[in-house]
Amino acid sequence: EIVLTQSPTTMAASPGEKVTLTCRASSSVSYMHWYQQKSGASPKLWIYDTSNRASGVPNRFSGSGSGTSYSLTISSMETEDAATYYCQQWSSNPLTFGSGTKLEIK
Amino acid sequence: QVQLKESGPGLVQPSQTLSLTCTVSGFSLTSYHVHWVRQPPGKGLEWMGVMWSDGDTSYNSALKSRLSISRDTSKSQVFLKMSSLQTEDTATYYCARVSTEGIGDYFDYWGQGVMVTVSS
């Protein structure tokens, strides 16, 4: 099973600050996908195939990476970006999720 | 538009069997794979299993002995049954659809989730 380790577990960022969330895989994966989840809501697709923004996702969000190291970057933090972000892979069975990064507004 | 909606009991007694239904609209179960994912309160997401578009199934090995996924294409429904429930099975249960766009396998639509509490 591929274990996805997200870091940091929790962080706070000020409006306008650049934010980078990291997802490291225990073995190489072909693509990484990211979801945003706000309290009490279902996860939403945010970034797919490593670097593609889902429909409606602001262009301040970007994804990158390869092999065992992937990241989601917010170029300029906004209040509405406060949420928990999960990475997900299915290059190898079983499908796995990271444990999430909770991003708060400072 | 695409929708998935989970339904089922909010409370199940320990050792009993959980039965959930995912009713979909806006797409065909014979064209899309539908997964079940759960999330214990305050914790992360756990993949449970998948109903493939061809009717086959795959399960998380950690749950395989207790889990069964089936479907009724005429009713656009996917079913989850999990036996021998324990308190650690308390979670919100989601069904989610895998996108056919893109290259990798990812979930483009999720249901609202159904909270299941295992308690006597």
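Refer to the structure presented above.
These figures come from a predicted structure and were not determined experimentally.

Each helix and strand in chain A was counted, giving 0 helices and 11 strands. Starting at the N terminus and ending at the C terminus, chain A contains elements arranged as β-β-β-β-β-β-β-β-β-β-β. Considered along the principal axes of its C-alpha atoms, chain A spans approximately 35 × 25 × 20 Å. Looking at chain A as a whole, 50% of its 106 residues qualify as buried. Pairs at least 24 residues apart make up 56% of the contacts formed inside chain A by residues separated by at least 6 positions. For chain A, the exposed surface amounts to about 4,700 Å²; the carbon and sulfur share of it is 43%.

Residue and element names in this part refer to chain B. Read across the open sheet, the 4 strands follow the order 1-3-8-7; overall the sheet is antiparallel. Two strands bound the open sheet, and with one partner strand each, they are strand 1 (3–7) and strand 7 (67–72). The average undirected angle you get between the axes of adjacent strands in this sheet is 20 degrees. The sheet contact formed by strand 7 and strand 8 (residues 77–82) spans 6 bridges and is antiparallel. Along strand 8, the bridge assignment pairs Arg71 with Val78.

On the side of chain B, 22 residues touch chain A, which itself brings 16 residues to the contact. Interface area, chain A with chain B, both sides summed: about 1,600 Å², of which 66% is carbon and sulfur. Three residues stand out in chain A for area buried against chain B, namely Pro43, Trp90 and Phe97 of chain A, and they jointly supply 34% of the buried area on that side. Counting the contacts that link chain A with chain B gives 0 salt bridges. On the surface where chain A and chain B come into contact, there are 10 residue pairs in polar contact (both at pLDDT 80 or more). A per-element tally of the side of chain A that touches chain B places strand 4 (residues 33–37) of chain A first, with 3 residues. Here the side of chain A that touches chain B is built from residues that sort into 11 nonpolar, 4 polar and 1 charged.

Another point: the state of the cysteines. Residues and elements named next belong to chain B. Considering all chains together, one arrives at 2 disulfides over all chains under this definition. With its sulfur 2.1 Å from that of its partner, Cys22 forms a disulfide with Cys95. Looking along the S-S bond of the Cys22-Cys95 disulfide, the torsion reads about 80 degrees, which is the right-handed sense. With Cys22 in strand 3 (residues 18–25) and Cys95 in strand 9 (residues 91–98), the pair connects residues that are 73 residues apart, well separated along the chain.

The next thing to look at is the nonpolar core. Ranked by size, the top nonpolar core spans 41 residues in total, and within it Trp34, Leu72, Tyr85 and Phe97 of chain A together with Phe107 and Trp110 of chain B carry the most contacts. With residues up to four places along the chain from it excluded, the contact list for Phe107 of chain B reads Tyr35, Leu45, Gln88, Leu95 and Phe97 of chain A together with His35, Val37, Ala96, Arg97 and Val98 of chain B. Formed by 27 residues, the second largest nonpolar core is a distinct cluster that contains Leu67, Ala91, Val114 and Val118 of chain B.

Conventions we followed
Sequence order sets the numbering: in each chain, residues are counted from 1 along the sequence as written. Chains carry letters and ligands carry numbers; both start at the beginning, A for chains and 1 for ligands, and go up in the order they are written. Residue-level local features of this predicted model are given only where pLDDT is at least 70; pairs of side-chain atoms are given and counted only at 80 or more, and the full residue set underlies all totals for whole chains, interfaces and linings. Computation of side-chain values: all heavy atoms of the structure, hydrogens and water removed. The numbering of helices and of strands both runs from the N terminus, where a helix is a DSSP run of H or I of at least 4 residues and a strand a run of E of at least 2. Burial classes follow relative accessibility: with a 1.4 Å probe on protein chains only, a residue under 20% of its type's maximum area counts as buried, one over 50% as exposed, and anything between as partly exposed. Only heavy atoms matter for contacts: two residues are in contact if any of them lie within 4.5 Å across the pair. Using a 1.4 Å probe, accessible areas were evaluated by the Shrake-Rupley method; residue-level cover was limited to the displayed protein chains. Only when DSSP finds a minimum of two bridges between them are two strands counted as paired. An axis is simply a line fitted to the C-alpha atoms; with a helix, the fit covers only the stretch in contact. Between two such axes, the angle follows the N-to-C directions and lies from 0 to 180 degrees. Simply put, the buried area is the total loss of 1.4 Å probe accessible area from both parts when two parts are fitted together. Salt bridges are counted wherever a side-chain nitrogen of Lys or Arg sits within 4 Å of a carboxyl oxygen of Asp or Glu. Under this definition, polar contacts are N or O atom pairs within 3.5 Å; protein pairs additionally need one hydrogen-donor-capable and one acceptor-capable atom, and for neighbouring residues in sequence, both atoms have to be side-chain atoms. When residues are grouped by polarity, Ala, Val, Leu, Ile, Met, Phe, Trp, Tyr, Cys and Pro land in nonpolar, Asp, Glu, Lys and Arg in charged, and all others, Gly among them, in polar. We call a pair of cysteine sulfur atoms a disulfide when they lie within 2.5 Å. Buried Ala, Val, Leu, Ile, Met, Phe, Trp, Tyr and Cys residues form a nonpolar core when they are joined through side-chain atoms within 4.5 Å.

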